[in-house]
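Each chain, letter by letter, is given below.
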Amino acid sequence: MDEPTVGHVTGSVTSDQPFVIVGLQADLSDPHSVDLGTTSNFGPLETWGYGATASVYAAACPTDMYDAETCSLIAQKDFTPKDVRPEISLSDSTVGPEESVSVTSTDPDGGGVLKATWSPAGGTPVVTVLNLNGTTPLEISEDGEADLVVSRCAIAPADQCTAFAPAFGALRVHRNLVPSVGTIDEINAGNTSSSFTVTTEPAGSPTMSWHLERVGGAGQIPGESAVDRLTGTIDGSNIPVDGQYKAVGTVTVNAVGYGTYTDVPFSSDAFTVNRSGSLPGIALNPATTGQITGTVTSPDQPFVRVRLSSNGPTQVVTMTNGTGSFTLDTWGFDPTAPVAVEAIACPANDPLVEADCSATNTSETFKPKDVTPDVSLNHLAIGQGQTVTATSSDPTGGGLLKATWTPEGGGIPVVTELNRNGSKVLNVSEGVGNVVVTRCSSAAPSVCTAFESPISFPLTVDLHGPVITSISRSTTDGRVYPNVTGWSKYPSSITYTVNGGTSDVVAVKISNGTQSTTLPVTANKAVWNGRIASTVVGGTFTVRAVDSLGNPSDVGTTVTVDTRRIVIKTWQKIVTARASMPSRNAFFAGKCSTLRRPARTVWPGSIGYYANTKCRDRRWVTSGVTTAHATFLPQVDKMVDLRVDTYGAAARVRPRSQGLIRYLTTSGFWVNVRPVARTRAWHIGPTRSPGGVVFKDNSFGWSFAASAGNRYDVWKFRIVLRYKGLG
C-alpha cells in the first residue's frame with residue numbers, strides 16, 4: 001500500500017487468481033481485475049468519511065467474474081486515512097423571532113459529503129447536507145441549545161461518517177419566548193398581600209402588563225404594570241370576594257442577540273383568597289359496603305362541598321347551625337387502599353362555583369368496602385357468528401360493572417358495561433387474552449377497581465377458518481338423491497374428502513344460508529345423506545370445512561339435493577303401418593293372398609292384409625299375408641314393460657275378419673301372438689317385460705298378419721313403454 005493522500009489510498013495486489021476485488025472496510029463493490037500471477041496497481045480508493053483507522057480488503061476469484069460463493073478474502077491491510085478540516089462558520093449563533101441561520105463551508109481540498117448535525121436536549125436532531133464550498137440554510141423548527149457538529153461522510157456507504165473535533169461553535173435557537181410564573185402565596189386573614197415573579201428564557205430587558213382573573217368567575221382586577229422588572233404585587237384589599245384567582249398578562253422582552261419578543265402571554269397557577277375565618281371540619285363513620293357517611297362542620301360558611309379524592313362522587317351539604325351530614329357512594333374505589341374524603345367550605349350553592357370555595361380543605365381517609373359479584377361467561381372460546389355473554393349476579397352491589405377484554409400482543413382493550421343482574425353480550429376483537437371484570441363509580445366512570453379476588457376469564461376469539469386446499473366429492477355432478485335407494489346412478493348419500501387440511505379441521509358444514517348441518521370428519525372424510533336433521537331439504541348448499549369453533553374455510557364446494565323419487569313413467573309413439581316397416585320389402589304374401597297399400601284412401605300409410613283373394617287354399621304358406629315393423633325405444637333408466645296397440649278394422653268385404661299381432665324375440669322367434677278384433681278402434685296389444693325382445697341397440701320389432709280368408713285393414717301402431725325414472 002502506498003502512503004495515503006488526503007481522501008484517497010492507492011497500492012497494488014499480487015495473486016495467482018485471474019480476478020481480484022479490492023475495496024475499503026470489506027465493501028468490495030469496486031472490483032479491480034489483475035492478470036494471473038502478476039502484480040497490478042489498484043485505486044485510488046476514496047477514504048472520505050473513514051476515521052482514524054481503516055482497512056483495505058482483497059478477495060480472489062477463480063474465474064474472471066465475481067461470485068460471492070467462490071471468491072474469498074485473501075488479504076487485509078490497515079492504514080490511517082488522511083482528511084482535511086473544512087472552515088465552517090455560522091451566520092448567527094443566536095436565533096430569535098423570525099430569524100433563520102445558515103452555514104458557510106470552505107473545503108477546497110475536501111471531498112465526500114459534509115453533514116451538519118444540531119441536537120438540542122430533548123429535541124429532534126437536525127441533519128443538513130452542506131455545500132462543500134458555499135452557504136447552506138439549516139432547517140431548524142424547534143427551540144434549543146446545542147453545539148453544531150460537522151461530519152465528513154463517504155458518498156457510499158452514506159452512513160460511513162466521522163465527526164470533526166472540536167465542534168464548530170454553539171447554536172442557540174429561541175424563536176419563542178417561554179415565560180414561567182412562580183408560586184403565589186395564599187391571601188388570608190393573616191396574610192393580606194402576596195406577590196409573584198415572572199422569569200423568561202431568554203432573559204433581557206422586560207416590560208410587563210398584568211391583571212387578576214377569578215377562576216370560574218367573571219371580571220378582572222387590574223395589576224400594576226412595570227418596565228424593566230418582572231414582579232407583581234397583589235394587594236388583598238383590592239379583591240372584593242374570596243375565591244381562587246390567577247395572575248394573567250403579557251411580557252415584552254428585548255433579549256441581547258435574539259431581538260424583541262412582543263406581548264408574549266403568561267398565566268400563573270391558581271392561588272386562594274380566603275379571609276373567611278375557620279376551615280371546615282370532617283368526621284367519618286365506619287365504612288359500610290359501597291358507601292361512607294359522616295358529618296361536617298363549618299361555622300362561617302353555609303355550605304360544604306364533600307367529595308371522594310377530588311375525582312369521585314360529590315355532595316353539597318347544607319349547614320344547620322354549622323353542622324351537616326353526608327353519604328357518598330364508594331363503589332369503584334380500591335378497597336385495599338385508603339381513600340380520602342375532602343371537605344371545602346363554600347359561600348353559595350346556586351350556582352356552586354368551586355372558585356368561590358375555600359381552597360384550603362380538610363380531609364379524612366378510610367378504606368372502602370365492596371362485595372364480589374358472581375360473574376360467568378357462556379364461552380371461553382368463540383368463532384365466526386358466535387358471541388360471548390357475561391351473566392352477572394350482584395344483588396347487594398352498586399355502581400357500574402365493566403368487563404375489559406384485552407388481547408395479548410399489544411391489542412387495544414375493549415370495554416363493555418355489564419348488567420349488574422342479568423346478561424350482556426361482550427364487545428370483543430380477535431385474539432387470545434383475558435376478560436377482567438371491575439367495579440366502577442357511577443359518578444366517575446373512569447374510577448374502576450378490580451375485586452379483592454380478581455374476576456378474570458381467559459378468552460379466545462378466533463375468526464379465521466381452517467386452511468385447506470380443496471374439498472372433493474364422491475359424485476362428479478355434486479348431486480345427492482336422498483329419496484332414492486338402491487340406484488347407483490342416483491346416490492342417496494355423498495362423501496366429502498377434505499384435502500390439504502391441518503389438524504384443526506373437525507367437521508364439514510353444509511348450509512343454504514338459512515338451514516345447515518354439521519358432519520364430523522373422520523380420516524378427512526364426511527358422509528351426508530342429504531337431510532337436515534331427518535328432513536330432506538332440496539336446493540343447492542355450500543360445503544365448507546370448519547374448525548372446533550365453527551369457523552368455515554375459505555375454500556369449499558357445493559352440493560345439490562334432488563328431492564325427486566323413482567316413479568313409473570310412460571313413453572309412447574304412434575306410427576303408420578307403412579312408416580314403421582324397416583324396408584318396402586319387409587312383408588310376405590302367399591300365392592292366394594294380397595298386401596294392399598294403402599288399405600283405405602282415407603287412411604294414408606295404411607296396409608290391407610287380404611287372405612285368399614286369388615285362391616281358396618287356407619294353409620299359411622299360401623293364404624298368409626304379414627308385415628314386419630320396428631322402432632327404436634328411448635334410453636331410459638329401467639324398462640318395466642311394453643306393448644304395441646293397433647288401430648284398424650276388418651275389411652268392408654269381410655266384416656267379421658280378425659288380424660294377428662306378435663313380437664320378435666332377440667333369438668328370432670315370434671311370441672305373444674294375439675288376435676286383433678274386427679271393430680274399428682285402438683286394440684290393446686299384449687303387454688310383456690322387455691327381457692328378450694329389446695335388442696342391444698334399443699330396437700324392438702313386431703309383426704301383423706292375416707290368413708285363412710281373413711281380410712284386415714291397419715292404419716297405425718302405438719308403441720307404449722313403461723319405465724322407471726326420476727319424477
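Values in this document were obtained by computation on a predicted structure and should not be read as measured data. (Residues numbered from 1 in each chain as written. Predicted model: local features only at pLDDT ≥ 70, side-chain atom pairs only at ≥ 80, totals over all residues. Heavy atoms only, no water.)

Visitor: Provide a residue-level description of the overall build of the protein, including the pertinent values.
Guide: Counting secondary structure elements, the protein contains 1 helix and 60 strands. A compact globule built from 727 residues would reach a C-alpha radius of gyration of about 27 Å, whereas the protein, at 54 Å, exceeds it by more than 25%. Oriented by its inertia axes, the alpha-carbon framework of the protein measures out at about 160 × 110 × 50 Å. Excluding contacts between residues fewer than 6 apart, the proportion of contacts in the protein whose partners are at least 24 apart in sequence is 66%. (Helix = DSSP H or I, 4+ residues; strand = E, 2+ residues; numbered from the N terminus. Rg over C-alpha atoms; globule rule 2.2 N^0.38 Å. Contact = heavy atoms within 4.5 Å.)

Visitor: Describe the packing of aromatic side chains, naming the residues involved and giving the relevant values.
Guide: If you walk through the whole model with that rule in mind, you get 17 aromatic pairs. Relative to Tyr 490, the ring of Tyr 481 has its centre 5.0 Å away and its plane inclined at 75°; by these criteria the two rings are edge-to-face. Across the pair, Tyr 490 and Tyr 481 agree in class, each one buried. Seen in terms of ring centroids, Phe 704 and Phe 717 are 6.3 Å apart; in terms of plane orientation they differ by 55°. Their pairing is tilted. Of this pair, Phe 704 sits in strand E59 (residues 699-706) while Phe 717 sits in strand E60 (residues 711-726), and the two are 13 residues apart along the sequence. Owing to a relative accessible area of 0%, Phe 704 belongs among the buried residues under this scheme. Of the aromatic side chains, those joined through ring pairs into one cluster are Tyr 609, Tyr 663, Phe 700, Trp 702, Phe 704, Tyr 712 and Phe 717. (Phe/Tyr/Trp six-rings, centres within 6.5 Å; stacked < 30°, edge-to-face > 60°. Buried < 20%, exposed > 50% of the residue type's maximum accessible area, 1.4 Å probe, protein only.)

Visitor: How would you summarise the pattern of salt bridges if you had to cite specific residues and measurements?
Guide: Tallied over the entire structure, the rule returns 17 salt bridges. Between Glu 224 and Arg 229 there is a salt bridge whose closest N-O contact spans 3.6 Å. Owing to a relative accessible area of 32%, Arg 229 belongs among the partly exposed residues under this scheme. Put simply, Arg 600 and Asp 713 hold a salt bridge, and the shortest N to O gap is 2.8 Å. (Salt bridge = Lys/Arg side-chain N within 4 Å of Asp/Glu carboxyl O.)

Visitor: Can you explain the sheet that holds strand E6 (residues 87-90)? Please cite residues and give values.
Guide: One open sheet accounts for 3 strands, arranged E6-E8-E11; its pairing is antiparallel. Where the open sheet ends on each side, the last strands, each with one partner, are E6 and strand E11 (134-137). Direction aside, neighbouring strands of the sheet carry axes that sit 20° apart on average. (Pairing = 2+ DSSP bridges. Axes fitted to C-alpha atoms, helices over the stretch in contact; angles between N-to-C directions.)

Visitor: Go over the environment of Pro 81, please, and point to the residues and values.
Guide: As for its placement among the helices and strands, Pro 81 is situated in the loop between strand E5 (72-79) and E6. Pro 81 gets classed as buried once you look at its relative accessible area, which sits at 12%. The sequence separation of Pro 81 and Ile 566 amounts to 485 residues, and the corresponding C-alpha distance is 97 Å. Not counting residues within four places of it along the chain, the set of residues in contact with Pro 81 comprises Thr 47, Tyr 50, Gly 51, Ala 52, Thr 53 and Ala 54.

Visitor: Kindly report on the environment of Ala 599, identifying the contributing residues and their values.
Guide: Summarising the element assignment, Ala 599 is placed in the loop between strand E52 (594-596) and strand E53 (607-610). With a relative accessible area of 5%, Ala 599 lands in the buried category. Once the C-alpha coordinates of Ala 599 and Val 22 are considered, the two residues, 577 residues apart in sequence, prove to be 115 Å apart.

Visitor: How would you sum up the pairing of strand E26 (residues 291-297)? Please name residues and give values.
Guide: Only one face of E26 is buried, namely the one carrying Ile 292, Gly 294 and Val 296, since none of Gln 291, Thr 293, Thr 295 and Thr 297 on the opposite face is buried. Sheet topology places strand E25 (residues 281-284) next to E26; 4 bridges connect them, and they run antiparallel. Paired with Gly 281 across the bridge in E26 is Thr 297. Where E25 folds back on E26, the antiparallel hairpin that results is connected by 6 residues, among which Gly 290 adopts a positive phi of roughly 85°. Pairing of E26 with strand E29 (residues 323-329), which is carried by 7 bridges, proceeds in the antiparallel orientation. Across the sheet, Ile 292 pairs through a bridge with Leu 328, a residue of E29.

Visitor: Lay out the state of the cysteines with the relevant residues and their values.
Guide: In the structure shown here, the tally under the stated rule is 3 disulfides. The disulfide partner of Cys 153 is Cys 161, and the S-S distance across this bridge is 1.9 Å. Taking the sign of the torsion about the S-S bond as the criterion, the disulfide between Cys 153 and Cys 161, at about 110°, is right-handed. According to the relative accessible area criterion, Cys 161 is partly exposed, its value standing at 31%. With a sulfur-sulfur separation of 1.4 Å, Cys 592 is cross-linked through a disulfide to Cys 615. As the torsion about the S-S bond is roughly -90°, the Cys 592-Cys 615 disulfide counts as left-handed. With Cys 592 in the loop between strand E51 (587-589) and E52 and Cys 615 in the loop between E53 and helix H1 (620-623), this pair connects stretches of sequence that are 23 residues apart. (Disulfide = S-S within 2.5 Å.)

Visitor: Please set out the sheet that holds strand E35 (residues 400-407) residue by residue, giving values where relevant.
Guide: In space, the 5 strands of this open sheet follow the order E33-E39-E38-E35-E36, with mixed pairing throughout. One side of each edge strand has no neighbouring strand; the edge strands of this open sheet are strand E33 (381-382) and strand E36 (414-417). Pairing between E33 and strand E39 (residues 448-461): 2 bridges, direction parallel. Of the residues in E39, the one forming a bridge with Ile 382 is Val 461.

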